[in-house]
Amino acid sequence: MAKGTLTQKIIDAHLAGGSHHTGEPVSIRIDQTLTQDATGTMAFLEFEALGTPRVRTELSVSYVDHNMMQNGPENRNDHLYLESIARRTGAVFSPQGNGICHQLHIERFGAPGKTLLGSDSHTPTGGGIAMLAIGAGGLDVALAMAGKPFTLAYPKVIGIRLTGRLKSWSSAKDVVLKVLSILTTKGNVGCVAEYFGDGVATLSVPQRATITNMGAELGVTSSLFPSDDRTREFLARQGREECFVPLAADPDARYDRLIDIDLGEIVPLAACPSSPDLVKPVRELESIKVDQVLMGSCTNGSFRDLAMAATALRGRKIAAGISLAIAPGSRQTLEMLAERGFLTDLVAAGARILETGCGPCIGQGLSPADDTVSVRTFNRNFAGRSGTKGDRLYLVSPETAVATALTGHLTSPDTLDFPHPEIEEPERYRIDDRHFRRDFDPKAEVVRKPTIGEPPHNSPLPDDLAATILIKVGDKITTDHIMPAGIHLKHRSNIPRYAQVVFECFNTPGAPSFAERAEKLRDAGGAGAIVGGESYGQGSSREHAAICPMYLGVKAVIVKSLERIHRANLINFGILPLEFADPADYDRLVPGDVLVFKGLRGGLTRGGGTVTAETNGRKIVFDCRLSPGELETVLAGGKLNSVEA
Ligand code: MIC
Ligand code: SF4
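Residues numbered from 1 in each chain as written. Chains lettered and ligands numbered in written order. Predicted model: local features only at pLDDT ≥ 70, side-chain atom pairs only at ≥ 80, totals over all residues. Heavy atoms only, no water.

(A) Focus on the sheet that holds strand S6 (residues 115–118). Pairing is parallel in the open sheet, where five strands are placed in the order S5-S4-S3-S6-S7. Either end of the sheet is taken by a strand with one partner, and the two such strands are strand S5 (92–94) and strand S7 (132–135). When the angles between neighbouring strand axes are averaged without regard to direction, this sheet yields 20°. Where S6 lies against S7, four bridges are found, and the strand directions are parallel. By the bridge assignment, Leu116 is partnered in S7 with Ala133. (Pairing = 2+ DSSP bridges. Helix = DSSP H or I, 4+ residues; strand = E, 2+ residues; numbered from the N terminus. Axes fitted to C-alpha atoms, helices over the stretch in contact; angles between N-to-C directions.)

Structure below.
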């Protein structure tokens, strides 16, 4: 156990059961939850299915920020459901236009030392304000809303010691890109990244939040900063100083791994297509011509970032042919940009202003043209996420984005011929909480338009299973590959419809789609399996990447290694999570092979952590280490069958 770390202290203060041994299950009380409309509709439907009438956390906030396109009635149907169910169950409702859940939560609700569980993988943004903030599937968040503790593997703690101070054109985004270049997106499951050292005090809370936000791309359980004078200053500016408590790791804290970063040595960096860990100095990429520059998202949508951009663009004009669009992270930020004239600077320089929300980050509009480069201050550049097949997305800091918009090619901002704009954060941010709805009414009518479905239940795991391999995919398959978002987001509350696009990016025109093949097998009474490589299920927390395959009859996901949230989602919906005991067996399987498992229930119950299947006259062994709680869930066919609220 990583003794004396901040992670350990917050876990100890919330302990609800379990073990202190690294990797073993530990249960913690959850103080706050957040949900957003793309995952929250299902989370609230599940909350209803659990039968708990009222939210039992200190605070649960339901945000609308993802699905704002409203092409057809589906998105608005979701919003109306969410608004009414929040009212009926006592959750706070944050309507469209208020801003992106992670930024808003830090601004208006986050508090040092609290635990936060959110149905979005970037929930750890809250670590910027010293919350132990964890992303999870909707069902786990629904259970937390019902007052149940959350179980996680007791984390290893990676200590990241920051020293020095950032050079003027280097940014918090470059710090997290540096961390990604060291730790990569693979192999960090079950860890928390904890920042400490003299350099921490040089970073404001919004800068820290950029770092904890994109920590999600490491695959860690959470990222955490201490709570110090900068935290107090931020809370005072938000009119919430009473939430402040000082928190830090002990000076002799023991970390499982230690990384040293001198902030003074950080140079402007970019994550190259199509993974957030393919990091290079921007100076090495300067010949790349750019078509589009996008700023905002929950990583870089803060007042500091956008006021900096506006000041740099003041009196200047973006390069001819560049399309620059900016989505402020919150209403507060947008109002302050408007009030102080920054909005005028941005618009006059040629920027288009988008509404406050996720927008193009989740493929809702502004897809790049074929064979062009898009430079974004966002956190993910997974292939196709932008809505364009073959997209080339570079992830950069706001400083690099501005420099690039001015020149038309990737540009290291430290080559610009003017000084970095220093932004004075206001003494007090613009505070207006009137748009949050807190009108709890246990008798409120729940609005259910026809596109609002029900969460599907799985059947209990059979003892004998013959699973046909429906697809074989490679390493680092993200949940965006499994369940595309963008224009399909509007079907999140309608599983039969949304399931039609499972693995859409691997479909071949003219051949039956994955969904068609799976449905045919399921309707003939068969079961399906998915085979994948390393780090399967990276990225978003969307439990649809488990629910929709489950709905199509998938019973087992067989991979070299699995990411944390996706593994939990598979278990939550009764899909067997199997890892090759011998990774070489991956090469021996092909689509169409039938894996025959005998005495599965008995084998899993006896323990031992492995199961064996036969295919083509050969035996293949899979690791399947399940905690007692996970085993119960898998046998029952998912938590909706096994948990009582
Ligand atoms: C994302 O950034 O991929 C999302 C969209 O915010 C997801 C949640 C979702 O799929 O709704 C996430 O990060 O969990
Ligand atoms: Fe929204 Fe993008 Fe942040 Fe996900 S990563 S919450 S889609 S802004």
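(B) Representation of the pattern of salt bridges within the structure. Scanning the model with the defined rule gives 31 salt bridges in all. In this structure, Arg230 and Glu233 form a salt bridge, with 3.1 Å as the shortest nitrogen-oxygen distance. With Arg230 and Glu233 both in helix H8 (residues 229–237) and three residues apart, this pair spans about one turn of that helix. Judged by relative accessible area, which is 23%, Arg230 ranks as partly exposed. Take Glu233: its relative accessible area is 28%, and that puts it in the partly exposed class. Linked through salt bridges whose partners overlap, the residues forming this network are Glu83, Arg87, Arg437 and Asp439. (Salt bridge = Lys/Arg side-chain N within 4 Å of Asp/Glu carboxyl O. Buried < 20%, exposed > 50% of the residue type's maximum accessible area, 1.4 Å probe, protein only.)

(C) Region of interest: the site of ligand 2. Taken together, His66, His102, Asp120, His122, Ser297, Cys298, Cys358, Cys361, Ile362, Asn379 and Arg385 make up all the residues around ligand 2. Here the shell around ligand 2 is composed, by residue class, of four nonpolar, five polar and two charged. (Near = heavy atom within 4 Å. Nonpolar A, V, L, I, M, F, W, Y, C, P; charged D, E, K, R; others polar.)

(D) Structural context of the packing of aromatic side chains. What the rule picks out here adds up to twelve aromatic pairs. Here Phe234 and Tyr429 contribute two aromatic rings whose centre-to-centre distance is 5.8 Å and whose plane-to-plane angle is 65°, an arrangement assigned as edge-to-face. Note that Phe234 is positioned in helix H8 and Tyr429 in the loop between helix H12 (398–407) and strand S20 (465–472), a separation of 195 residues in sequence. Across this residue pair, the class does not change: Phe234 and Tyr429 are buried. Here Phe597 and Phe622 contribute two aromatic rings whose centre-to-centre distance is 6.1 Å and whose plane-to-plane angle is 40°, an arrangement assigned as tilted. Taken together, the residues Phe597 in strand S24 (residues 594–597) and Phe622 in strand S26 (residues 618–623) connect sequence positions 25 residues apart. (Phe/Tyr/Trp six-rings, centres within 6.5 Å; stacked < 30°, edge-to-face > 60°.)

(E) Representation of the packing of helix H2 (residues 37–50) against helix H5 (residues 138–145) in the model. Their axes nearest at 8 Å, the elements H2 and H5 cross at an angle of 50°. Our classification of the angle between H2 and H5 gives oblique. Between H2 and H5 the crossing geometry is right-handed. The residues of H5 that touch H2, namely those facing Ala43, Phe44, Glu46, Phe47 and Leu50, are Gly138, Leu139, Ala142, Leu143 and Met145. The class makeup of the residues in the contact of H2 with H5 is eight nonpolar, one polar and one charged. (Parallel < 35°, antiparallel > 145°, perpendicular 65-115°, else oblique. Left-handed = near helix turned anticlockwise from the far one by under 90°. Contact = heavy atoms within 4.5 Å.)

(F) Spatial organisation of the side chain of Thr125. Its location among the elements puts Thr125 in the loop between S6 and S7. In this structure the side chain of Thr125 is engaged in a polar contact, spanning 3.1 Å, whose partner is the side chain of Asn213. If we skip the residues at most four places from it in the chain, Thr125 touches His102, Ile106, Ala209, Thr212 and Asn213. (Polar contact = N/O pair within 3.5 Å; in protein donor to acceptor, adjacent residues only side chain to side chain.)

(G) Here's a closer look at the site of ligand 1. Taken together, 14 residues lie around ligand 1, and Asp120, Ser121, Arg385, Ser541 and Arg542 are the ones closest in. The side chain of Ser121 places a nitrogen or oxygen atom 2.5 Å from an oxygen atom of ligand 1. Note that an oxygen atom of ligand 1 is positioned 2.7 Å from one of the backbone N or O atoms of Ser541. Taking 340 Å² as the accessible area of ligand 1 by itself, protein coverage stands at 97%. Considered class by class, the residues forming the shell around ligand 1 number two nonpolar, seven polar and five charged. (Areas by Shrake-Rupley, 256 points an atom, 1.4 Å probe, with all protein chains shown as cover.)

(H) Structural detail: the environment of Ile28. With respect to the helices and strands, Ile28 occurs in strand S2 (residues 25–28). Between the C-alpha atom of Ile28 and that of Thr151, which follows or precedes it by 123 residues, the distance is 6.4 Å. With near-sequence residues (within four places) excluded, Ile28 lies in contact with Ile11, His14, Ala16, Thr115, Leu132, Ile134, Pro149, Phe150 and Leu152.

(I) Representation of the sheet that holds S2. The three strands are arranged S1-S2-S8 in an open sheet whose pairing can be described as antiparallel. Two strands bound the open sheet, and with one partner strand each, they are strand S1 (15–18) and strand S8 (150–153). Taken over all neighbouring pairs, the strand axes of this sheet differ in orientation by 30° on average, direction set aside. Pairing geometry for S2 and S8, over four bridges, is antiparallel. Paired with Pro25 across the strands is Ala153, a residue of S8.

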